[in-house]
Amino acid sequence: MALLERHVDFLDALRGAGLPVSLAEGLDAARALTVLDLVDREAVRAAYAATVVKRPSHRPVFDTLFDLWFPAAVGDGAAGLPDELPAERPANGARGPAPFAEALRGRLFDALLEGSEAEMRQIVREAVAAYGRAPAGPTRQTWSAYAVGAALDPRTLMASLLKAVLAGRQGGGLAERGARRMLEDRLAALQDMIVTEVRRRLAEDGSAERVAKVAARPPLEQLDILRATRRDMEELRRAVYPLARRLATRLAVKHKAGRRGRLDFRRTVRASLSTGGVPVRTFHRPRRPHKPELVVVCDVSGSVAAFAQFTLLLAYALREQFSKVRVFAFIDNLDEVTDHFAPGADIAEAMQDLTSKADLVWMSGRTDYGRAIELFAERYPDAVGPKTALLILGDARSNYGQLALATLAELADKARRAHWLNPEPRRDWDTGDSVASQYDRVVPMVECRNLTQLAAFIEDLA
């Protein structure tokens, strides 16, 4: 692949992974390459990072894709392999490494003890070339990081490494904790090297684009909330509060800039008499402050509970931008849960609390949008008024039940603004039991799957 083609494909992969890379930034990166020694891979990495990476959270995605498009080696990339790759693999699940693996483990012990990254990378290349192949079908093979880890089995070296590091040291338990932490970091770095090398070999056998779709984890703010793991959820919770502070600051600046009301024509003309009829200074009427009331009606069934949690978390972090916030939750029954989200309450605990204490289940426990909408209009007729921003959260999957479109239309007409946030991608709307298009014709429905989309919507709403 020519360098220019590789450069263009790399930038396309970054954009596909969610990194905002403009045409100007791509040109800056290309100019930087013209003054660099292209043999110096780390200099090339630094040039690309300086021109296209805007946030620290984007760096892991960038590094993953850079290693695929600009690999450190091609082919085996290892000069220390024997002429015939080892055939002494453990048979029938029997334990015990083959002789070649044992030699690699000896070298790995020294590299981990010294902290030599260059030697660790060389060992990883040799290990992947020797043990990384794994069957993927009757006639096909692939590359496996698990197989390499099983051959090297680096965790079994921990006790010996710890003993060697602590030999002759003083400090007791404190020294042991420090040494263990250092070795854990080196073992984690080794695992990352194995995964990177396996990805490189997969990209060589297939295509870097296909590997990138699996390997490149999107930036945190663009991570699909419905597909987030438990660890991702914890990181997202930590990211919401700084995001809310930035939004609050931005909104305050906008409100300050927009404080002037309509032009006071009479005062302006009167003042212009002292300057020969030229309106040097204009006067404006006082601007009437307006803060909308926010009413949130959210589906908290298992499929979309995480999305509802983060929307409420962000809305309550910005509650000072609203004159009042009321929250209603439903599954196949509806209940007001505003009291669960008092100032200072932990939203995650409040979500768990309301599922156990609020009256959200009527009979089946399956989401029933039609019943929830009818109950909301019947029980809380004063909740929606001309100052209200009505926000509905849910995937519009009705389980083939009633829809209550007429009642929803009446609520939307009463509200100042009405919106529906759907955490599913638009391509999944109207599939299966989804009735997204029918609800969209009554209340404008917006695809909202990640923190970036959610923050932009809440900012506009406030």
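Computed from a predicted model, the values in this text were never measured in an experiment.

J.: Tell me about the nonpolar core, and name the residues and values.
T.: For soluble globular proteins, the rule of thumb is that nonpolar side chains tend to be buried together. Membership of the largest hydrophobic core comes to 33 residues, with the highest contact counts inside it found for Leu236, Cys298, Phe310, Leu393 and Leu421. Of all the elements in the fold, those that place two or more residues in this core are helix H11 (230-257), strand S5 (293-299), helix H13 (305-317), strand S6 (324-330), strand S8 (388-393) and helix H18 (451-461). In this structure, Leu393 is in contact with Val296, Val297, Cys298, Asp299, Phe307, Ala308, Thr311 and Leu421, ignoring residues within four places of it in sequence.

J.: Report on the sheet that holds strand S10 (residues 445-447), specifying residues and quantitative values.
T.: The strands making up a sheet associate through backbone hydrogen bonding, with each pair oriented either parallel or antiparallel. Ordered by their spatial adjacency, six strands build an open sheet running S7-S6-S5-S8-S9-S10, and the pairing between neighbours is mixed. Because the sheet does not close on itself, it has two edges, and the strands there are strand S7 (334-336) and S10. Pairwise comparison of adjacent strand axes, ignoring direction, gives a mean angle of 20° for this sheet. In this structure, S6 lies alongside S7, joined through three bridges in antiparallel fashion. Across the sheet, residue Phe328 finds its bridge partner in S7, namely Glu336. Those strands touched by helix H15 (residues 369-379) are S5, S6, S7 and strand S9 (417-422), and its axis lies near 45° from that of S7.

J.: I'd like to hear about the environment of Ala50, residue by residue, with values.
T.: Structurally, Ala50 is set in helix H3 (residues 41-52). Sequence separation of Ala50 and Asp28 is 22 residues, and the distance between their C-alpha atoms is 9.6 Å.

J.: Requested: an account of a positive patch on the surface, with residues and values cited.
T.: A grouping of Arg262, Arg266, Arg267, Arg270, Arg281 and Arg285 is seen on the molecular surface, where their side chains present a positively charged patch. It is helix H12 (residues 265-272) that contributes the most residues to the positive patch, three residues altogether. Tracing the backbone through its elements, the reader meets Arg285 in strand S4 (residues 284-286). Residue class for Arg285 comes out partly exposed when judged on its relative accessible area of 46%.

J.: Can you tell me about the pattern of salt bridges, naming the residues and giving the values?
T.: A full pass over the atoms with the stated rule returns 19 salt bridges. Between Arg59 and Asp63 there is a salt bridge; the shortest N-O distance is 3.0 Å. Of this pair, Arg59 and Asp63 both sit in helix H4 (residues 59-69), four residues apart, which is roughly one turn of the helix. A salt bridge links Glu117 to Arg121, with the nearest nitrogen and oxygen atoms 4.0 Å apart. On the criterion of helical spacing, the pair formed by Glu117 and Arg121 is a turn pair, its members being four residues apart in helix H6 (residues 117-131). For Glu117, a relative accessible area of 49% translates into the label partly exposed. A relative accessible area of 41% places Arg121 in the partly exposed class.

J.: For unusual backbone geometry, give the residues involved together with the corresponding values.
T.: Most of the time, phi is negative for any residue but glycine, and the peptide bond is trans. Phi is positive for Asp153, which is not a glycine, with a value near 45°. Assignment of secondary structure puts Asp153 in the loop between helix H7 (145-152) and helix H8 (158-166). For Ala396, which is not glycine, the phi torsion reads 60° and is therefore positive. Taking relative accessible area as the criterion, Ala396 reaches 0% and is therefore assigned buried.

J.: Just give me the short version of the pairing of S6, but keep the residues and values in it.
T.: Within S6, six of the seven residues are buried, leaving the element largely enclosed by the surrounding structure. The sheet contact formed by S5 and S6 spans seven bridges and is parallel. Each bridged residue has a counterpart across the sheet, and for Asp299 the counterpart in S6 is Phe330. Turn length for the S6-S7 hairpin, with the two strands adjacent in sequence and antiparallel, is three residues.

J.: Account for the packing of aromatic side chains, naming residues and giving values.
T.: Taken as a whole and judged by the stated rule, the model has 16 aromatic pairs. Aromatic side chains Tyr48 and Phe70 sit 5.5 Å apart centroid to centroid with 40° between the ring planes, which places their arrangement in the tilted category. Here Tyr48 is found in helix H3, whereas its partner Phe70 is found in the loop between H4 and helix H5 (99-114), with 22 residues between them in sequence. Judged by centre distance (5.0 Å) and plane angle (75°), the rings of Phe328 and Phe376 are edge-to-face.

J.: Just give me the short version of the environment of Met158, but keep the residues and values in it.
T.: Among the structural elements, Met158 can be located in helix H8. Between the alpha carbons of Met158 and Glu184 there is a distance of 8.5 Å; along the sequence they are 26 residues apart. Every residue in contact with Met158, bar those within four places of it in the chain, is listed here: Arg180, Leu183, Glu184 and Leu187.

J.: Run through H6, naming residues and quoting values.
T.: For H6, built from 15 residues, the straight-helix expectation of 21 Å at 1.5 Å per residue is met to within 8% by its first-to-last C-alpha distance of 20 Å. Residues of H6 that are buried include every one of Met120, Ile123, Val124, Arg125, Glu126, Ala127, Val128, Ala129, Ala130 and Tyr131, and no others.

J.: Describe the side chain of Asn422, and please don't skip the residues or the numbers.
T.: Turning to its location among the elements, Asn422 is positioned in strand S9. Given the relative accessible area of 0%, Asn422 is considered buried. The residues contacting Asn422, other than those within four sequence positions of it, are Gly394, Asp395, Ala396, Trp429, Ala436, Met445, Val446, Glu447 and Cys448.

J.: With reference to specific residues and values, describe the confidence of the model for the protein chain.
T.: Summarising the model, the protein chain shows a mean pLDDT of 79, and 79% of its residues fall at 70 or more. Within the model, pLDDT remains below 50 along residues 87-97, and this stretch shows ten contacts once partners closer than five positions in the same chain are excluded.

Parameters and conventions
- Residues numbered from 1 in each chain as written.
- Predicted model: local features only at pLDDT ≥ 70, side-chain atom pairs only at ≥ 80, totals over all residues.
- Heavy atoms only, no water.
- Core = buried A, V, L, I, M, F, W, Y, C linked by side-chain atoms within 4.5 Å.
- Buried < 20%, exposed > 50% of the residue type's maximum accessible area, 1.4 Å probe, protein only.
- Helix = DSSP H or I, 4+ residues; strand = E, 2+ residues; numbered from the N terminus.
- Contact = heavy atoms within 4.5 Å.
- Pairing = 2+ DSSP bridges.
- Axes fitted to C-alpha atoms, helices over the stretch in contact; angles between N-to-C directions.
- Patch = residues over 30% accessible without salt bridge, like charges linked within 9 Å, V, L, I, M, F, W, Y side chains within 5 Å.
- Areas by Shrake-Rupley, 256 points an atom, 1.4 Å probe, with all protein chains shown as cover.
- Salt bridge = Lys/Arg side-chain N within 4 Å of Asp/Glu carboxyl O.
- Lys, Arg positive; Asp, Glu negative; His and termini not counted.
- Charge placed at Lys NZ, Arg CZ, Asp CG, Glu CD.
- Phe/Tyr/Trp six-rings, centres within 6.5 Å; stacked < 30°, edge-to-face > 60°.
- Expected span 1.5 Å × (residues − 1).
- pLDDT = per-residue confidence, 0-100.

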